[in-house]
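Next come the chains, spelled out residue by residue.
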Amino acid sequence: MVRLEDLRFAYPRGGEVLRGCTLGVRPGEVVALAGPNGSGKTTLLKIAAGLLRPTSGRAELDGKLVAAWDRVVRAKRLAYVPQKPMLPEDWPVSELVAMGDFPHQEAPPAPRPLAQRLHEAREALELEAIWDRPAGTLSGGEAQRVALARAFVQDAPVLMLDEPASHLDLRHQMALYCALAALARRGRAVLLSTHDINLSRLSEQRLLILDRGGVLRALPAEEEAQGRLLEDVFGVRFIARDLSGVTCWFPKVK
Ligand code: ADP
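Residues numbered from 1 in each chain as written. Predicted model: local features only at pLDDT ≥ 70, side-chain atom pairs only at ≥ 80, totals over all residues. Heavy atoms only, no water.

Visitor: Is there a simple way to think about the overall build of the chain in this case?
Guide: Scanning the chain for helices and strands turns up eight helices and twelve strands. Computed over the C-alpha atoms, the radius of gyration of the chain is 18 Å, within 12% of the 18 Å expected from 2.2 N^0.38 for a compact globule of 254 residues. Counting only C-alpha atoms, the chain reaches 50 × 40 × 35 Å along its principal axes. Looking at the chain residue by residue over its 254 residues, the buried ones come to 49%. Contacts in the chain between residues far apart in sequence, at least 24 positions, make up 63% of those at least 6 positions apart. (Helix = DSSP H or I, 4+ residues; strand = E, 2+ residues; numbered from the N terminus. Rg over C-alpha atoms; globule rule 2.2 N^0.38 Å. Buried < 20%, exposed > 50% of the residue type's maximum accessible area, 1.4 Å probe, protein only. Contact = heavy atoms within 4.5 Å.)

If you want it as structure tokens, here you go:
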């Protein structure tokens, strides 16, 4: 469904950011990208969503170059939520969320009725209390939940979310990750970026690490090797703790 092959990318006035990234995301999977600030997670997501063209390599959606899809047709198949979504200040939340239906206003219509999608998104992101509020009055976390709800209403088989939990409190992080797991069970494919490697692992997401050299690295199965990789990439010492059979990693404070 999503296929990135040997992606390389350099910004015109910057150095090379991605140096050969290969990745597939299948229906039913939630893939999480972690990595230091500036390692290229946003860049990779933008290329995967067709918003940036790679310097070399291929980014495909459903077997075709993602940038070659017609924009409206692509929006029926792929929803992208940037790190800092733009929400017009005067618009009420209800209308902003309903904007997710925009690609379905061109034939063919969405398979599921808009009212049902709105109801599900409003519940999943807990928007009842702010439904009639203008966007300009929202907190950072509330605005993030509105942008995510808009993407849920889009009802695309592929979701790409850039740090979707970065402004959310713990309760809403859990609610979001449960909602994404439920979408995956319904055959959706999700690619997201995160700094919370433990929450990703506990949520059964497939965790990949983008290192400072712009190379994607899978987390090894063996605990010691995991620790070495994380220490190497993040430049801090970690300790491992087993939580419900999952090895979680915490930075050593001293
Ligand atoms: P991450 O999401 O992992 O923090 P980004 O993909 O945002 O990383 O950025 C990767 C690198 O590319 C960073 O060093 C960043 O400063 C640089 N960068 C991002 N956008 C641009 C741009 N438009 N022009 C030049 N360099 C950029």
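What follows continues from the structure just given.
Visitor: Any chance you could explain helix H5 (residues 140-154) here in plain terms?
Guide: Note on helix geometry: an α-helix contains 3.6 residues per turn, so any two residues three or four positions apart are oriented the same way. End to end, H5 covers 22 Å across 15 residues, agreeing with the expected 21 Å (1.5 Å per residue, within 8%). Where burial is concerned, most of H5 is hidden: 13 out of the 15 residues are buried. (Expected span 1.5 Å × (residues − 1).)

Visitor: I would appreciate a short explanation of the site of the ligand in the present structure.
Guide: Near the ligand, the surroundings consist of Tyr11, Val17, Pro36, Asn37, Gly38, Ser39, Gly40, Lys41, Thr42 and Thr43. Separating an oxygen atom of the ligand from a side-chain N or O atom of Lys41 is a distance of 2.8 Å. Coverage of the ligand by the protein amounts to 57% of the 570 Å² it exposes when considered alone. No other element matches the three residues that helix H1 (residues 41-48) contributes to the shell around the ligand. In terms of residue class, the shell around the ligand is built from three nonpolar, six polar and one charged. (Near = heavy atom within 4 Å. Polar contact = N/O pair within 3.5 Å; in protein donor to acceptor, adjacent residues only side chain to side chain. Areas by Shrake-Rupley, 256 points an atom, 1.4 Å probe, with all protein chains shown as cover. Nonpolar A, V, L, I, M, F, W, Y, C, P; charged D, E, K, R; others polar.)

Visitor: Before we go on, may I ask you to explain the sheet that holds strand S2 (residues 16-25) in this structure?
Guide: Across a sheet, paired strands are connected by hydrogen bonds in the backbone, their directions being either parallel or antiparallel. Strand order in the open sheet made by the four strands is S2-S1-S4-S5, with antiparallel pairing throughout. Whereas interior strands pair on both sides, the edge strands pair on one side only; in this sheet they are S2 and strand S5 (64-65). Taken strand by strand, H1 contacts strand S1 (2-10), S2 and strand S4 (56-61), and its axis lies near 55° from that of S2. (Pairing = 2+ DSSP bridges. Axes fitted to C-alpha atoms, helices over the stretch in contact; angles between N-to-C directions.)

Visitor: Would you mind going over the side chain of Gln205 with me for this structure?
Guide: Position of Gln205 relative to the elements: it lies in the loop between helix H7 (197-202) and strand S9 (206-210). Using a relative accessible area of 8% as the deciding quantity, one classes Gln205 as buried. One polar contact links Gln205 to Ser200, side chain to side chain, over a distance of 2.7 Å. Ignoring anything within four residues of it in the chain, the contact list for Gln205 reads Val30, Ala32, Tyr177, Leu192 and Ser200.

Visitor: What's the story with the packing of helix H4 (residues 114-124) against H5 in this structure? I'm lost.
Guide: Geometry of a packed helix pair, given as the angle between the helix axes and the separation of the axes. For the pair H4 and H5, the least separation of the axes is 9 Å and the interaxial angle reads 145°. Seen from above, H4 lies across H5 with right-handed handedness. Between H4 and H5, the contacting residues are Leu114, Arg117, Leu118, Ala121 and Ala124 on the first element and Ala149, Phe152 and Val153 on the second. Of the residues belonging to the contact of H4 with H5, the class tally is seven nonpolar, no polar and one charged. (Left-handed = near helix turned anticlockwise from the far one by under 90°.)

Visitor: Can you walk me through H1 in this structure?
Guide: Among the eight residues of H1, six are classified as buried, and the element is accordingly described as predominantly covered. In the stretch just after H1, Gly50 is the one whose phi turns positive, near 85°.

Visitor: I tried to follow the pairing of strand S6 (residues 78-81) on my own but got confused; where do I start?
Guide: Put simply, side chains in a regular strand alternate between the two faces of the sheet. Judged by which residues are buried, S6 turns out to be covered on both faces: Leu78 and Tyr80 on one side and Ala79 and Val81 on the other are all buried. Bridging between S6 and strand S7 (residues 158-161) involves four bridges; their strand directions are parallel. If you follow Val81 over to S7, its bridge partner there is Leu161.

Visitor: How do you make sense of the packing of aromatic side chains when you look at a structure like this?
Guide: Here a ring pair, both rings aromatic, is described through the centre-centre distance and the interplanar angle of the planes. Applying the stated rule across the entire model yields two aromatic pairs. Aromatic pair Phe234 and Phe238: ring centres 6.4 Å apart, planes at 75°, arrangement edge-to-face. With relative accessibility at 22%, the residue Phe234 sits in the partly exposed group. Its relative accessible area of 11% is what places Phe238 among the buried residues. Lys64 extends its terminal NZ or CZ atom over the ring of Trp69, reaching a point 4.3 Å from the ring centre. We note Arg122 situated over the ring of Trp131; from NZ or CZ to the ring centre the distance is 4.9 Å. (Phe/Tyr/Trp six-rings, centres within 6.5 Å; stacked < 30°, edge-to-face > 60°. Lys NZ or Arg CZ within 6 Å of the ring centre and 35° of its normal.)

Visitor: What should I look at first to understand the sheet that holds strand S10 (residues 216-218) in this one?
Guide: Across the sheet, which stays open at both edges, the six strands sit in the order S6-S7-S8-S3-S9-S10 with mixed pairing between neighbours. The open sheet has two edge strands with one neighbour each: S6 and S10. Strand-to-strand twist across the sheet, computed as the mean angle between neighbouring axes with direction ignored, equals 20°. The pairing of strand S3 (residues 30-34) with strand S8 (residues 189-193) spans four bridges and is parallel. When the bridges of S8 are listed, Val31 appears paired with Leu191. The strands touched by H1 within the sheet are S3, S6, S7, S8, S9 and S10, with S8 carrying the most contacts at an inclination of about 150°. Helix-sheet contacts for helix H8 (residues 223-234) involve S3, S9 and S10, and the interaxial angle to S9 is about 40°.

Everything listed here is a matter of coordinates, which is why it stays silent on function.
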